[in-house]
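# Close look at the chain arrangement
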Amino acid sequence: MSNPGSLRAVSTSAIIVAAGQGQRFGGETPKQFALLGGKPVLVWTLRQFETCPEIDEVVIVVHQDWLQQVKADILAHEQFQKVSRVVPGGVERQDSVSAGLSSLSASVEYVAVHDAARPCVRAEAISRVVLAGRAYGAATLAVAINDTVKRVREQVVCETLDRSSLWAVQTPQVFKYDLLIQAYRAASKDHVYLTDDSALVERLDYPVRIVEGDSDNFKLTVPGDIKRAESILIPG
Ligand code: C5P
């Protein structure tokens, strides 16, 4: 871990949120710390940010109970030059992102928020969404939806949505720092909790640019997903 005291001009900081408990994943260990090819999922995620040239700094958000373990068992053994701090998260993902945002220095211009539970993100895709974030102020990785999607109520279809305009959004999502701060302040004032950062920025009527990613950047959700991630990250 780099020395937090050694301040340097930072342009794009990443907030890696890893403070969830992962109810659907089961077991004692939250999914972001499950072993994938012998290493915690978080390590695979961090490696991509470490090697991405567009990322200057990485802040990790973990549950209070995991702070020491992450520092002693993960960061002490991996040489991550960009990780500047590990901070405690909150009850909801939004609280955890907010904690990460509060820990950033005022010199940050752009913020990339990423789910630790998406270890198959590629450094090249991170670069593309950061460049779009810098160009447009707000951008997210996403994939076009191939299945037909229906709105359902009490197990009965109410509506078939127009597939041609539907995208499944992923992370990283990249925003101008001031814009994301403004979105978080507005959400806090209005007591609004949404499932991604883009939605908070959309509330300000700010256009969020879609950057096409790929389906490998999926979010680990159930235990079987570890095998799928291993087949992507450790082929053959
Ligand atoms: O629960 P879900 O899979 O949607 O979480 C997405 C990401 O947000 C995960 O990496 C998880 O660790 C993180 N998270 C968090 N703090 C929470 C809830 C989720 O950092 N309170």
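In this report, the structure presented in the accompanying data block is examined. Bear in mind that the values here come from a model prediction, so they are computed numbers and not experimental data. In this convention, every chain numbers its residues from 1, walking through the sequence in written order. For a predicted model such as this one, the threshold for reporting local features is a pLDDT of at least 70, and the threshold for listing and counting side-chain atom pairs is 80 or more; totals across whole chains, interfaces and linings nevertheless cover every residue. Heavy atoms throughout the structure, all of them, feed into the side-chain values; hydrogens and water do not.

## Focus: the overall build of the chain
Defined as follows: Helix and strand definitions follow DSSP, with helices as H or I runs of at least four residues and strands as E runs of at least two, each counted in order from the N terminus. Radius of gyration: over C-alpha atoms. The globule rule applied is 2.2 Å multiplied by the number of residues raised to the 0.38 power. Buried means the residue's accessible area, taken with a 1.4 Å probe over protein chains only, is under 20% of the maximum for its type, while exposed means over 50%, and partly exposed covers the values in between. Here, residues are in contact when the closest pair of their heavy atoms is within 4.5 Å. For the purpose of charge, His is not counted, nor are the chain termini; Lys and Arg are scored as positive and Asp and Glu as negative. A charged residue contributes its charge at one atom only: NZ of Lys, CZ of Arg, CG of Asp or CD of Glu.
Helices and strands together make up the secondary structure of the chain, namely 7 helices and 11 strands. At 18 Å, the chain has a C-alpha radius of gyration in line with the 18 Å of a compact globule built from 236 residues. Expressed along its principal axes, the backbone C-alpha trace of the chain runs to roughly 55 × 40 × 35 Å. Scored against the burial criterion, the 236 residues of the chain give a buried share of 49%. Of the contacts formed within the chain by residues at least 6 apart in sequence, a portion of 75% connects residues at least 24 apart. Distance between charge centres in the chain, computed from 25 positive and 28 negative side chains, equals 1 Å.

## Description of the environment of F49
Here F49 shows up in helix 1 (residues 41–51). On the accessibility criterion, F49 (0% relative accessible area) is buried. For the pair F49 and R134, spaced 85 residues apart in sequence, the C-alpha to C-alpha distance is 17 Å. Every residue in contact with F49, bar those within four places of it in the chain, is listed here: A14, I16, I55, V58, K82, H114, V121, I126 and P172.

## What about the packing of aromatic side chains?
We count it as follows: By convention, a stacked pair of Phe, Tyr or Trp rings (six-membered ring in the case of Trp) has centres within 6.5 Å and planes under 30 degrees apart, an edge-to-face pair has planes over 60 apart, and any other such pair is tilted. Geometrically, a charge over a ring is one whose NZ (Lys) or CZ (Arg) sits within 6 Å of the ring centre while staying within 35 degrees of the ring normal.
Following the criterion strictly, the structure yields 1 aromatic pair and no others. Residues F33 and W66 carry aromatic rings whose centres are separated by 4.1 Å and whose planes lie at 15 degrees to one another, so their mutual orientation is stacked. Note that F33 is positioned in the loop between strand 1 (12–18) and strand 2 (35–36) and W66 in the loop between strand 4 (57–62) and helix 2 (67–75), a separation of 33 residues in sequence. One exposure class covers both F33 and W66, and it is buried. Sitting over the ring of W44, R47 keeps its end group 5.1 Å from the ring centre. Here the guanidinium or amino end of R209 rests over the ring plane of Y136, the centre of that ring lying 4.1 Å away.

## A short note on the environment of K39
Looking at where K39 falls in the secondary structure, it is placed in strand 3 (residues 39–40). Taking the relative accessible area as the measure of exposure, K39 reaches 28% and is therefore partly exposed. Non-local contacts of K39, meaning those with residues more than four positions away in its chain, are made with A34, W44, R47 and E78.

## Examining the site of the ligand
Basically, it comes down to this: If even one non-hydrogen atom of a residue comes within 4 Å of a molecule or strand, that residue is called near it. In protein, a polar contact means a hydrogen-donor-capable atom and an acceptor-capable atom, both N or O and within 3.5 Å, with residues adjacent in sequence counting only if both atoms are side-chain atoms; elsewhere, any N or O pair within 3.5 Å suffices. Only protein atoms enter the calculation, which uses a 1 Å grid: trapped sets of points that fit a 1.4 Å probe without letting it out are cavities, open sets showing protein on both sides within 12 Å along at least five of seven lines are pockets, and any residue with an atom within 4 Å of a point is a lining residue. Those molecules having more than half of their atoms within 2 Å of a cavity or pocket grid point set are described as sitting in that cavity or pocket. Residue polarity is assigned by list, with Asp, Glu, Lys and Arg as charged and Ala, Val, Leu, Ile, Met, Phe, Trp, Tyr, Cys and Pro as nonpolar; anything else, Gly included, falls into the polar class.
Near the ligand you find 15 residues, and of these V17, A19, K31, S96 and K219 are the closest. Within the backbone of G90, an N or O atom sits 2.9 Å from a nitrogen atom of the ligand. Within the backbone of V91, a nitrogen or oxygen atom sits 2.8 Å from a nitrogen atom of the ligand. Of the pockets mapped on this structure, the ligand occupies the largest pocket. Of all the secondary-structure elements, those providing two or more residues to the shell around the ligand are strand 1 and helix 3 (93–102). The residue inventory of the shell around the ligand, partitioned by class, reads 6 nonpolar, 4 polar and 5 charged.

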